[in-house]
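# Descriptive analysis of the structure
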Amino acid sequence: MGLKQGWTGRFFEDFEIGDVYQHPLGRTVTETDNTWFTLLTMNTNEMHFNAEYAARSEFGKPLVVSTLTVAIAVGQSVTDLTQNAFANLGWDEIRMSHPVFAGDTLYSESIVLAKRESASRPHAGIVTVRTRALNQHGDEVCSFKRTFYVYRRGAEQLENLFPVGKAPLTLDRGNGDGDGGGAA
């Protein structure tokens, strides 16, 4: 047995124009998510947190705040796209194409549109993708283009990030005297 490297994300060299990534984690949006995100971002539009106000709209109930929908789609894409990115350069063509309500489950997928080497940063490249979020019925609820800097494989900025333990990790499970602390 030995050290098994965990998923470290994609590097600039791994992206190919036309590649599609279906991001692995779905996310059900709750009323609490919507209310907290709305209040956290100081969005005072009652369409997102006042059921009586929203009942008078064509939707009949509160909408999930659109910036939360975009944030979830971006977050879902990180494991495939930007685990090794160090800067977002821009979001373009953001479209909110279908309402999202508490209880909807969102899934996201991205297609690589462009990639180029960085003229000023030899340790990185620039990638552009289009991401879309779908609800549980397959309706596209939002889409956007995103451009980001991503490290090349072997970039020195990523070397030796994991600390070396002061004691080795062993198969010994301890003596059970409680000196290890913490719950599972």
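Residues numbered from 1 in each chain as written. Predicted model: local features only at pLDDT ≥ 70, side-chain atom pairs only at ≥ 80, totals over all residues. Heavy atoms only, no water.

This part covers the packing of aromatic side chains. Tallied over the entire structure, the rule returns five aromatic pairs. With a centroid separation of 4.7 Å and an interplanar angle of 35 degrees, the aromatic rings of Phe 86 and Tyr 151 are classed as tilted. Placement of the pair is Phe 86 in strand S3 (residues 85–96) and Tyr 151 in strand S6 (residues 140–151), with a sequence separation of 65 residues. Residue placement shows Lys 61 over the ring face of Phe 101; its charged tip is 4.4 Å from the ring centre. The aromatic ring of Phe 12 is capped on one face by Lys 115, whose charged end is 4.5 Å from the ring centroid. (Phe/Tyr/Trp six-rings, centres within 6.5 Å; stacked < 30°, edge-to-face > 60°. Helix = DSSP H or I, 4+ residues; strand = E, 2+ residues; numbered from the N terminus. Lys NZ or Arg CZ within 6 Å of the ring centre and 35° of its normal.)

Turning our eyes to something else, we now look at the pattern of salt bridges. Two side chains of opposite charge can pair, provided their charged atoms sit close to one another. A full pass over the atoms with the stated rule returns nine salt bridges. Asp 80 is the partner of Arg 10 in a salt bridge, and the nearest nitrogen-oxygen pair spans 3.1 Å. Here Arg 10, found in the segment before strand S1 (20–22), pairs with Asp 80, found in the loop between helix H3 (66–77) and S3; they are 70 residues apart in sequence, far enough to count as distant. Taking relative accessible area as the criterion, Arg 10 reaches 18% and is therefore assigned buried. Of the charged contacts, one joins Glu 93 and Lys 145 as a salt bridge, the two residues approaching to 3.6 Å between their closest N and O atoms. (Salt bridge = Lys/Arg side-chain N within 4 Å of Asp/Glu carboxyl O. Buried < 20%, exposed > 50% of the residue type's maximum accessible area, 1.4 Å probe, protein only.)

This brings us to the packing of helix H1 (residues 31–40) against H3. The interhelical angle for the contact between H1 and H3, taken along N-to-C directions, is 110 degrees, at an axis separation of 9 Å. In this view, H1 runs roughly perpendicular relative to H3, as classed from their interaxial angle. Contact with H1, carried on its side by Asp 33, Asn 34 and Phe 37, involves Thr 67, Leu 68 and Ala 71 of H3 and no other residues of that element. Class assignment for the residues of the contact of H1 with H3 results in three nonpolar, two polar and one charged. (Axes fitted to C-alpha atoms, helices over the stretch in contact; angles between N-to-C directions. Parallel < 35°, antiparallel > 145°, perpendicular 65-115°, else oblique. Contact = heavy atoms within 4.5 Å. Nonpolar A, V, L, I, M, F, W, Y, C, P; charged D, E, K, R; others polar.)

With that out of the way, let us pick up the layout of surface pockets. Of the voids in this model, the largest pocket is the one considered here, and its volume is about 430 Å³. As for the largest pocket, its lining consists of 13 residues, of which Leu 3, Gln 5, Leu 161, Phe 162 and Pro 163 are closest to the centre. A per-class count over the lining of the largest pocket returns nine nonpolar, three polar and one charged. (1 Å grid on protein atoms, 1.4 Å probe; cavity = no way out; pocket = protein on both sides within 12 Å on 5 of 7 lines; lining within 4 Å. Points joined across faces, edges and corners; volume = space filled by probe spheres on them.)

A word on the environment of Ala 71. Among the secondary structure elements, Ala 71 is positioned in helix H3. Assessed through its relative accessible area of 35%, Ala 71 is described here as partly exposed. Residues Ala 71 and Val 127, spaced 56 residues apart in sequence, show a C-alpha to C-alpha distance of 19 Å.

Ranked by internal contacts, the top residues of the largest apolar core, which has 14 residues, are Val 29, Leu 68, Leu 106 and Phe 144. Going through the elements one at a time, H3 and S6 are the ones with two or more residues in this core. At five residues, the largest contribution of residues to this core is made by H3. The contacts of Phe 144, once residues within four sequence positions are left out, are Val 70, Ala 73, Val 74, Trp 91, Asp 92, Glu 93, Ile 94, Val 129, Arg 130 and Thr 131. Core analysis: the next-biggest nonpolar cluster, separate from the first, contains nine residues, Phe 15, Val 112, Val 127 and Val 129 among them. (Core = buried A, V, L, I, M, F, W, Y, C linked by side-chain atoms within 4.5 Å.)

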